[in-house]
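# A look at the structure
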Amino acid sequence: MKSLPITIDSVRKAYGSYVALDDVSLDIQAGEFLTLLGPSGSGKTTLLMALAGFVRPDSGKLLLGDRDITRLAPNKRDIGIVFQNYALFPHMNVLANVEYPLVLRKTPKAEARQRALDTLARVKLDGLSERNIAALSGGQRQRVALARAIVFEPRVMLMDEPLSALDKNLRETMQYEIRRLHDDLGITTIYVTHDQREALIMSDRVAVMNSGRIQQIDTPQQIYDRPSTRFVAEFMGEANIVAPGSVRRIDGADASRETLMIRAESFHLDAKLVGRDGVALEGTLRAKAFRGENWLLTLALDGGREVLVCIPAALAGGCAELATGQRVTAYAPAAKVHTIPGAVA
Amino acid sequence: MTVLADPALAADARRERRFFLSLSLPALFIVGLAAILPIAWIIRQSFLTTGGEYTVGNYEKVLSSGLTWSALVTTLELSLGTLAICILLGTPLALALASARPRVANLLMAFVMLPLWTSILVRTYGWLVLLRREGLINAALTGSGLTAEPLPLVYNFTGTLIGMVHYMLPLFLLPVYAAMRDIDANLVRASASMGATLGQTIRTVILPLSAGGIVSGSLIVFIYTIGFFITPAVLGGGKVNPLSIRIERTLSTFQDWGSASVLGILLLVLMALIGVMFLAARRLLARNKFGAAHA
């Protein structure tokens, strides 16, 4: 199966005065797993539906390989889609659902059946082919939806929050399985989610969206460690945005005059764990919470701003004894202190 | 059922059940008074001579009369004809309504429902004005030269059918529209994404999933049309004589309560047969729901 690159060229879509997509441009490489990440209303699903052909852009171009699909009907795009609520046909059994795209393509009956059964085996649903959709669990429905989206060997796959209805454990299993399936098939995949952990775990690259725009597109590590905007920094996890002047360098050198981003888990309570070029932050302990794998401390800096400090339980000797109201100094290594370009705290 | 060990709690549960059952008493009373009793009375009448003696002669007379059977055929022709036209006109209309934007759909629905708010007598005479020889439609047809002669649109089977379809279409539409509107829009999208044309999606997804609504709508059409009286009486011009009109004539012309009762029972049996057929159809649909549908 040959997968194709996707080009999204300044696509715009407005509903009245509400701009859902604000000149979005994006290049997705052939075989890449790209996640559109953002809060609800950020435009990520609109962009996906524009690619699928269900939302007509006001302007801009969509290319599949070098073919312009902007005006192509959805049923001619040859794109596999997994919908948020699975969208399985309730009046057909599992096998009929998976055979459906092949039957539409006039695949000979025996071949369609064999390919559907093979695909069901690939998503670990062998033996359930005659089941009714109503008799399947959420996870099994998810797998049927996956099988149905790949059985006709589309060259691009779109997934719209496919795991949001599953419980946490199942979600994690499916994250790995979807990624493995992608690696086996090498199919260009665009995945939509609002779960930042899911985006980090699954993707080659993540495009963070907010109010109809792509804020940053990068590898998961870069997005997490080097966010380019304050929005990305805060959306990606427990980020502390620190105003210039509220931190000091351990070695006494001039602290940065820019706005800094330090992740909660980058802190240590022991200065020795941080190099000489690290930074120190001092504040009053407001609250502490034991979260199993770590402690979460809330420090109030002297300016009143609060900073979250996350200390792994294994390194948290002394955290249990800390009392609220106590002065606490937290240290972060220089490598984990990130300057947000142009941001004002 | 749950077993309540505590007698006080069990008594509460009983009281609650009794209360909810008692809510159906007024309805039961009215149904008994307005339906069961008259039917019992009609059955009794059908076995009595005009003198009040017991007889099966009414049945012999009615069932051996050619008029009865031609009335039965006319009844079925009108019902099936109305149903066929309702399915042909109503299903695409329901599909259009279900896929329209909510605001447009509500507006269109108001137009569809408008006839329901008008008295059937008014509507029927309205059709008379439109359809008769000197009526609006024929005036337009002959005036524009489309036809040389006025078309026989009323006082016949065609006119009766037009009036009946006009009455039944909204009632057929409602359950079909409700069924289609309940279909998840993503199912239609999913079907398209896998390569289905609109026609294929309608055939393999929309129609199978709204079949229940179509069966319900058809049942409503049948139940209503099988006893239709005013429309054939006004628009049929004496040439369209279904069972309902035969009953009326038997009573008003011959004061023959016995024969009229037999005809009434015939109508009742017909309705029961059709009801059973529709229930069977719905059962079959439910059973076949999960079979593989092929494009």
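Quick caveat: nothing in here was measured; it's all calculated off a predicted structure.

## Here's the deal with the layout of surface pockets
All names here are of chain B. There is about 800 Å³ of room inside the largest pocket. For the lining of the largest pocket, the elements supplying multiple residues, two or more each, are helix H4 (66-99), helix H8 (157-181), helix H9 (185-193) and helix H10 (198-225). Among the elements that take part in the lining of the largest pocket, H10 stands out by supplying four residues, more than any other.

## With respect to the pairing of strand S2 (residues 18-28) of chain A
Residue and element names in this part refer to chain A. Where strand S1 (residues 6-15) meets S2, seven bridges bridge the pair, whose relative direction is antiparallel. Within the sheet, the bridge partner assigned to isoleucine 6 lies in S2 and is isoleucine 28. Here S1 hands over to S2 after two residues, with glycine 16 in that stretch at a positive phi of 65°.

## Some remarks on H9(B)
Restricting attention to buried positions, one finds in H9(B) the residues B:Asn186, B:Leu187, B:Ala190, B:Ser191, B:Ala192 and B:Ser193. Turning to H9(B), the residues buried within the fold contact strand S6 (79-82), helix H2 (94-104) and helix H4 (138-150) of chain A together with H10 of chain B.

## Overview of the sheet that holds strand S18 (residues 337-339) of chain A
Residue and element names in this part refer to chain A. The antiparallel open sheet is built from three strands, whose spatial order is S11-S13-S18. The outermost strands of the open sheet, each flanked by one partner alone, are strand S11 (239-242) and S18. In this sheet, adjacent strand axes meet at a mean angle of 30° when their direction is disregarded. Of the strand pairs in this sheet, strand S13 (residues 260-263) and S18 are connected by three bridges, and their pairing is antiparallel. Bridging across to S18, isoleucine 262 finds its partner in valine 337.

## Observations concerning unusual backbone geometry
Residues and elements named next belong to chain A. Unusually for a residue other than glycine, lysine 106 sits at a positive phi of about 60°. With respect to the helices and strands, the residue lysine 106 is situated in the loop between H2 and helix H3 (109-122). For glutamate 161, which is not a glycine, the phi torsion comes out positive at approximately 40°. Looking at the element boundaries, glutamate 161 is found in the loop between strand S7 (156-160) and helix H5 (168-185).

## With respect to the domain arrangement of chain A
Residues and elements named next belong to chain A. Taken domain by domain, chain A consists of domain 1 (6-235) and domain 2 (239-339). Distance from the C-alpha centre of domain 1 to the C-alpha centre of domain 2: 39 Å. Across the contact, eight residues belong to domain 1 and ten residues belong to domain 2. Across the domain 1 to domain 2 interface the summed buried area is about 760 Å²; carbon plus sulfur atoms make up 43%. Its largest share of buried area at the contact with domain 2, domain 1 owes to Tyr224, Arg226 and Ala233, together 57% of the area lost on that side. Seen at the junction of domain 1 and domain 2, the total is zero salt bridges. In this structure, the connection of domain 1 to domain 2 is made through six residue pairs in polar contact (both at pLDDT 80 or more).

## Considerations on the confidence of the model for chain B
Do not read the predicted coordinates in detail wherever pLDDT is low. All names here are of chain B. For chain B, the mean per-residue pLDDT works out to 90, and 96% of the residues sit at or above 70. Here residues 290-295 is a poorly scored stretch, pLDDT under 50, and it has 17 contacts once near neighbours within four places are set aside; other chains count. Reported confidences for the modelled complex are a pTM of 0.83 and an ipTM of 0.86.

## Quick look at the pattern of salt bridges
All names here are of chain A. Going through the model one piece at a time under the given rule, you end up with 23 salt bridges over all chains. The salt bridge involving aspartate 58 is made with lysine 13; its shortest N-O contact spans 3.7 Å. Pair noted here: aspartate 58 is in the loop between helix H1 (44-52) and strand S4 (59-64) and lysine 13 is in strand S1, with a separation of 45 residues, a long-range link. According to the relative accessible area criterion, aspartate 58 is partly exposed, its value standing at 46%. By relative accessible area, which is 12% here, lysine 13 ends up buried. Here aspartate 22 ties to arginine 213 by a salt bridge, and the two come within 2.9 Å at their closest N and O atoms. Here arginine 213 lies in strand S10 (residues 213-218) and aspartate 22 lies in strand S2, a separation of 191 residues in the sequence.

## As for the packing of aromatic side chains
For any two aromatic rings, the description comes down to two numbers: the centre-to-centre distance and the angle of the planes. By the definition in use, this model includes eleven aromatic pairs over all chains. On the numbers, 6.1 Å between centres and 45° between planes, the contact of B:Tyr167 with B:Tyr224 is tilted. Within this pair, whereas B:Tyr167 is found in helix H8, its partner B:Tyr224 is found in helix H10, the two being separated by 57 residues in sequence. Chaining the aromatic ring pairs together yields one cluster made of B:Phe47, B:Tyr54 and B:Tyr59. If you follow A:Arg148 out to its NZ or CZ, it ends over the ring of A:Phe89, 4.9 Å from the centre. Note that A:Arg263 overlies the ring of A:Tyr224, its terminal NZ or CZ placed 4.1 Å from the centroid.

Rules and cut-offs
Residues numbered from 1 in each chain as written. Chains lettered and ligands numbered in written order. Predicted model: local features only at pLDDT ≥ 70, side-chain atom pairs only at ≥ 80, totals over all residues. Heavy atoms only, no water. 1 Å grid on protein atoms, 1.4 Å probe; cavity = no way out; pocket = protein on both sides within 12 Å on 5 of 7 lines; lining within 4 Å. Points joined across faces, edges and corners; volume = space filled by probe spheres on them. Helix = DSSP H or I, 4+ residues; strand = E, 2+ residues; numbered from the N terminus. Pairing = 2+ DSSP bridges. Buried < 20%, exposed > 50% of the residue type's maximum accessible area, 1.4 Å probe, protein only. Contact = heavy atoms within 4.5 Å. Axes fitted to C-alpha atoms, helices over the stretch in contact; angles between N-to-C directions. Domains from an automatic or database assignment. Buried area = accessible area lost by both parts, 1.4 Å probe. Salt bridge = Lys/Arg side-chain N within 4 Å of Asp/Glu carboxyl O. Polar contact = N/O pair within 3.5 Å; in protein donor to acceptor, adjacent residues only side chain to side chain. pLDDT = per-residue confidence, 0-100. Phe/Tyr/Trp six-rings, centres within 6.5 Å; stacked < 30°, edge-to-face > 60°. Lys NZ or Arg CZ within 6 Å of the ring centre and 35° of its normal.

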